[in-house]
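What follows is each chain in one-letter form.
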Amino acid sequence: KILIASLCVAFVAVKWSGPRFNAESLKGARVLVTGASTGIGEQMAYHYARFGAQIVITARREKVLEQVSEKCMSLGAQKALYISADMGTDSDPAKAVDFALEKLGGLDYLVLNHIGPSPFTMWKGDVEHVKWLMKVNFFSYVQMAWKAMDSLEQSKGSLVVVSSLLGKMTSPFVAPYTSTKFALNGFFGALYHELAMKKSNVSLSICTLGLIDTDSAMEKVRLVKIYIFLTYPATDAALKIIITGATRQQELFYPWFTQIANLIKDWFPFVTNYAIQNSYKYNP
Ligand code: NDP
């Protein structure tokens, strides 16, 4: 009991003693946000715009990016540019970073957020899909981070990686997606240590999200019915991610109970397994 009480006190103390966010620090900041045509990425673009940042957004659909960047300008962005890029190709990840470096004269924030579409279903052996999704959701993150690293080093900038609770614990119906998120956590977890050991100027934040009410996530939830699920607003998730990067924190857990869920799965795996396997209305 004493151990659990101490852990709870330590948890609350760490939460309350986090660094304070200064919105002014984002005025004029040079930001590249990926996957910004919809969902959380789009909401991040709008928040950065309200803070007066200089933004480059990227995704595949040019017309939608154009509309998002126009809205960013109306919300107060100093600059809002866009570049269409397909992260499943070899060349586009680097092309997007080069574009941002050239147009903004460097980068203060690289926010890696995009994901390729993936079916919410039992895995039926589509190996090619897993390979492709790894390219979009993982390899392109590695390529872009490396390409931007020198500039972030010079600007004392921040690298922000949007991950998921499914990068820390597994769940049915999402084998390809969860693999890509575990890969991200592994790679960028290692990179976090290396940057610290090199005394690099670059801060690295990994964001663990629960279920967020974006159209794409809600569509999947509707397909395989889940008995109980709590969704959280994309705009709030987006703001928390931005604050995590701006305050140079190592990790974000949003909503807060994703951190508890992560602890429980290690301490009491049978509880987690039972809950996960009985959350879905699945009839073989
Ligand atoms: P969305 O599906 O709403 O948005 C995905 C974005 O990625 C879109 O802008 C899409 O634009 C872009 N994209 C898709 N394929 C490609 C591609 N091949 N190349 C370049 N861009 C591409 O995602 P969410 O907003 O829901 O999720 C954002 C992040 O949050 C992801 O990293 C996700 O894993 C994480 N997350 C989300 C959760 C949720 O419940 N929503 C839960 C946990 C984590 P376009 O089609 O124009 O290319």
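Look above for the structure.
Residues numbered from 1 in each chain as written. Predicted model: local features only at pLDDT ≥ 70, side-chain atom pairs only at ≥ 80, totals over all residues. Heavy atoms only, no water.

Novice: Provide a residue-level description of the site of the ligand, including the pertinent values.
Specialist: For the ligand, the set of nearby residues contains 31 residues, the closest of which are Ser37, Arg60, Arg61, Tyr177 and Thr214. One of the side-chain nitrogen or oxygen atoms of Thr38 is found 3.3 Å away from an oxygen atom of the ligand. Contacts to the ligand include Lys181, whose side-chain N or O atom sits 2.9 Å from an oxygen atom. When the free accessible area of the ligand is taken as 890 Å², the share hidden by the protein chains comes to 93%. (Near = heavy atom within 4 Å. Polar contact = N/O pair within 3.5 Å; in protein donor to acceptor, adjacent residues only side chain to side chain. Areas by Shrake-Rupley, 256 points an atom, 1.4 Å probe, with all protein chains shown as cover.)

Novice: A description of unusual backbone geometry should follow, citing residues and the corresponding values.
Specialist: For the bond running from Tyr254 to Pro255, omega is -10 degrees, close enough to zero to count as cis. One non-glycine residue, Phe173, adopts positive backbone phi at about 75 degrees. Within the secondary structure, Phe173 sits in the loop between strand S5 (158–164) and helix H6 (175–197). The class of Phe173 is buried, set by a relative accessible area of 8%. Phi at Arg248 takes a positive value of approximately 55 degrees, unusual for a residue other than glycine. (Helix = DSSP H or I, 4+ residues; strand = E, 2+ residues; numbered from the N terminus. Buried < 20%, exposed > 50% of the residue type's maximum accessible area, 1.4 Å probe, protein only.)

Novice: Just give me the short version of the pattern of salt bridges, but keep the residues and values in it.
Specialist: Counting across every chain of the model gives 10 salt bridges. Taking the shortest distance from any N to any O, the salt bridge between Glu128 and Lys131 comes out at 3.4 Å. One end of the pair is Glu128 and the other is Lys131, both in helix H5 (residues 127–155) and three residues apart, which spans about a single turn. For Lys131, a relative accessible area of 51% gives the class exposed. (Salt bridge = Lys/Arg side-chain N within 4 Å of Asp/Glu carboxyl O.)

Novice: Explain helix H9 (residues 257–267) to me, using residue names and the numbers behind them.
Specialist: One full turn of an α-helix is made of 3.6 residues, so residues set three or four places apart face in the same direction. The set of residues buried in H9 consists of Thr258, Gln259, Asn262 and Lys265. Across the axial projection of H9, the buried residues extend over an arc of 125 degrees, all falling on one side. (Arc of directions from axis to C-beta.)

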